[in-house]
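As a plain string of letters, each chain reads:
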Amino acid sequence: MTAAFDAATLANRATSALRAYDPGHDLPALRLQFGAVLSELGSNENPLGPSPLAMRAATRVLEDIWRYPDPLGAALKHRLSSELGVPVSGITLGNGSHELLMLLAQCFADADHPVVHSQYGFAVFPIAAAAAGAPSVAVPALPADHPEAPYGHDLDAIAAAVTPSTRLVYLANPNNPTGTWFTDAALEDFLGKVPAHTLVVVDEAYHEYVDAAGLSTAMHLLGRFPNLIVTRTFSKAYALAGLRIGYMLSHPSVAAVCERLRESFNVNGVALAAAEASLGDHEHRARVRETNHRDRAWLADELTARGLRVLPSQTNFLLVDLGRDAVAFEAHLFERGVIVRPMVGYRLPHTVRISVGSRAELQRLLENLP
Ligand SMILES: *Cc1c(COP(=O)(O)O)cnc(C)c1O
């Protein structure tokens, strides 16, 4: 008898070590089932939606979808360049920042050049390492009862874990799923300890939401530390998650290496146009920030008043430590059309991540808590 065909046995070494992304629930089916009362608080999407200017720009570009997009994304890069004060040669565009995080490992890490990240750092970091066939080192996080950053990045321990062969360090500031952050000064201190041949990636997916004292961006350190790389996304505050677009700021030589492996048309024309238009809508961006700031504080208070432990957050979500297994909690809400994310995959089985959705969604969450 011949054995049943199974391509899993044929996967290369790097892929053998990986598991497919867990998409959570079947959202299209749930939208049909629950309609308008479904509360989608699982993916950190922005309930205000994109800028109307982005919507208009995207619609206009639909006429051109029979053409390939600009492989250089020149118009968006120029816009980013003037908005942020960085040279065009130091900007790389990605199909979401996820793609850029993967690309960095593919270009710079390998079996002899490990990747370092924090325990409870963003899930893509170890996957990027594995896909590149590189060992990854998960540095123990700060303790659960840390006053400022429970489960957060321990920068001293991360610096100590860097060896002469470490090629990449991934940090997320603020981090998903913990919501925690470190200050600009702490990052500067960290960069002073890391050798120049170790690239330090700071994932700033939630940058547009931050307002804590001492926290702005790693971008200002790019000039002093050529090994620093900053990634950002249009998926969160700009509410363009469905279009898949992000960007990376780096030394031009880092961008040039990534350019060798980047797919020529990795970012579609609709995304390019919408992202560019978004950058021009300062008013919408301010509204997004203020709304999130207000509703995040309100949600944290409401949850705390119900006896739940809410961790500090500089993002558009809250990590809630239930002190007990989160599976039953999540299932209870799910049956009532409220979607939150248990952090089992992160080995934080007693926590759930809850996005700061619309007030109506958050009300339904509070009404349906177990
Ligand atoms: C959401 C998120 C991303 C961005 O993902 P995209 O691929 O740009 O949609 C990157 N890093 C972190 C930490 C995130 O939470």
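Under an unreviewed UniProt entry, the name given to the chain is Histidinol-phosphate aminotransferase, and the source organism is Luteibacter rhizovicinus DSM 16549. Database annotation for the chain, UniProt heading Sequence similarities (unreviewed entry): "Belongs to the class-II pyridoxal-phosphate-dependent aminotransferase family. Histidinol-phosphate aminotransferase subfamily." The annotation that UniProt attaches to the chain under Cofactor (unreviewed entry) is "pyridoxal 5'-phosphate".

Draft legend 1. Seen up close, the UniProt feature "domain: Aminotransferase class I/classII large" (unreviewed entry) in the chain. The sites that UniProt annotates as "domain: Aminotransferase class I/classII large" (unreviewed entry) are residues 40–369. Here residues 40–369 is 37% helix and 16% strand, with 15 Å between the C-alpha atoms at its ends.

Draft legend 2. Here's a closer look at empty space enclosed by the protein. Summed over all chains, the structure comprises three cavities of 30 Å³ or more. Here the largest cavity defines a volume of roughly 70 Å³. Taken together, D70, P71, L72, G73, K77, L93, R262, S264, F265, N266, V267 and L272 make up the full set of residues lining the largest cavity. Here the lining of the largest cavity is built from residues that sort into six nonpolar, three polar and three charged. In this structure, the second largest cavity spans a volume of roughly 60 Å³. In terms of lining, the second largest cavity is formed by P50, S51, A237, Y238, S278, D281, H284, R285 and V288. At three residues, helix α11 (residues 282–305) tops the list of elements feeding residues into the lining of the second largest cavity. Considered class by class, the residues forming the lining of the second largest cavity number four nonpolar, three polar and two charged.

Draft legend 3. Molecular detail of the packing of aromatic side chains. Per the counting criterion, the structure on display carries seven aromatic pairs. Judged by centre distance (4.4 Å) and plane angle (25 degrees), the rings of Y68 and F265 are stacked. Of this pair, Y68 sits in the loop between α3 (52–61) and α4 (74–84) while F265 sits in the loop between α9 (252–261) and α10 (269–279); the two residues are 197 residues apart in sequence, bridging distant segments of the chain. The exposure class assigned to Y68 is exposed, which follows from its relative accessible area of 66%. A residue is classified by how much of its surface remains accessible, and F265, at 38% relative accessible area, is partly exposed. Aromatic rings pair up to connect F122, F125 and Y170 into one cluster.

Draft legend 4. Here's a closer look at the site of the ligand. Lining the immediate environment of the ligand, one finds G96, S97, H98, F122, N176, D203, A205, Y206, T233, S235, K236 and R244. Coverage of the ligand by the protein amounts to 92% of the 390 Å² it exposes when considered alone. Partitioning the shell around the ligand into residue classes produces three nonpolar, six polar and three charged.

Draft legend 5. Fine view of the sheet that holds strand β13 (residues 348–355). Strand order across the open sheet formed by four strands is β9-β10-β13-β12, with antiparallel pairing between neighbours. The open sheet has two edge strands with one neighbour each: β9 (309–310) and β12 (341–343). The strands touched by helix α12 (residues 326–335) within the sheet are β12 and β13, with β13 carrying the most contacts at an inclination of about 35 degrees.

Draft legend 6. Main features of the environment of A134. Position of A134 relative to the elements: it lies in the loop between α6 (124–131) and β4 (136–139). A134 gets classed as buried once you look at its relative accessible area, which sits at 9%. The sequence separation of A134 and A105 amounts to 29 residues, and the corresponding C-alpha distance is 8.1 Å. The residues contacting A134, other than those within four sequence positions of it, are A109, D110, A111, H113, V115 and A129.

Draft legend 7. Looking closely at the nonpolar core. Counting residues in hydrophobic clusters, the biggest one holds 47 residues, and the most contacted among them are L171, F190 and F234. By size, the runner-up hydrophobic cluster in this structure holds 24 residues, among which are L100, A105, V115 and A128.

Draft legend 8. The arrangement of helix α8 (residues 184–193) in detail. Listed in full, the buried residues belonging to α8 are L187, F190 and L191. The buried residues of α8 occupy an angular sector of 100 degrees when projected down its axis, which confines them to one face. Along α8, the residues that are exposed and aim more than 90 degrees away from the buried face are A185 and G192. In the core, the buried residues of α8 are packed alongside α7 (155–161), β5 (168–172), β6 (199–203) and β7 (228–233).

Draft legend 9. Broad picture of the sheet that holds β7. Strand order in the open sheet formed by seven strands is β2-β8-β7-β6-β5-β3-β4, and the pairing between neighbours is mixed. Only two strands of the sheet have a single partner each, and these edge strands are β2 (91–94) and β4. The sheet shows a mean angle of 20 degrees between the axes of neighbouring strands, taken without regard to direction. In this sheet, strand β8 (residues 246–249) lies alongside β2 in antiparallel orientation, the contact comprising four bridges. Residue pairing in the sheet places I91 in a bridge with L249 of β8. This element, α4, spans β2, β7 and β8 of the sheet and lies at about 125 degrees to β2.

Draft legend 10. Structural view of the pattern of salt bridges. Under the counting rule described, the total for this entry stands at 15 salt bridges. In this structure, E283 engages R287 in a salt bridge whose closest nitrogen and oxygen atoms are separated by 4.0 Å. In this pair, E283 and R287 both sit in helix α11, four residues apart, roughly one turn of the helix. Classification of E283 by relative accessible area gives exposed; the value is 60%. The class of R287 is partly exposed, set by a relative accessible area of 39%. The residue R294 makes a salt bridge to D295 at a minimum N-O spacing of 3.0 Å. On the basis of relative accessible area, R294 is assigned to the partly exposed category, the value being 48%. One connected set of salt bridges, linked through shared partners, spans R79, E83 and R285.

Rules of the game
- Residues numbered from 1 in each chain as written.
- Predicted model: local features only at pLDDT ≥ 70, side-chain atom pairs only at ≥ 80, totals over all residues.
- Heavy atoms only, no water.
- UniProt positions renumbered as here; feature names shortened; annotations may be inferred.
- Helix = DSSP H or I, 4+ residues; strand = E, 2+ residues; numbered from the N terminus.
- 1 Å grid on protein atoms, 1.4 Å probe; cavity = no way out; pocket = protein on both sides within 12 Å on 5 of 7 lines; lining within 4 Å.
- Points joined across faces, edges and corners; volume = space filled by probe spheres on them.
- Nonpolar A, V, L, I, M, F, W, Y, C, P; charged D, E, K, R; others polar.
- Phe/Tyr/Trp six-rings, centres within 6.5 Å; stacked < 30°, edge-to-face > 60°.
- Buried < 20%, exposed > 50% of the residue type's maximum accessible area, 1.4 Å probe, protein only.
- Near = heavy atom within 4 Å.
- Areas by Shrake-Rupley, 256 points an atom, 1.4 Å probe, with all protein chains shown as cover.
- Pairing = 2+ DSSP bridges.
- Contact = heavy atoms within 4.5 Å.
- Axes fitted to C-alpha atoms, helices over the stretch in contact; angles between N-to-C directions.
- Core = buried A, V, L, I, M, F, W, Y, C linked by side-chain atoms within 4.5 Å.
- Arc of directions from axis to C-beta.
- Salt bridge = Lys/Arg side-chain N within 4 Å of Asp/Glu carboxyl O.

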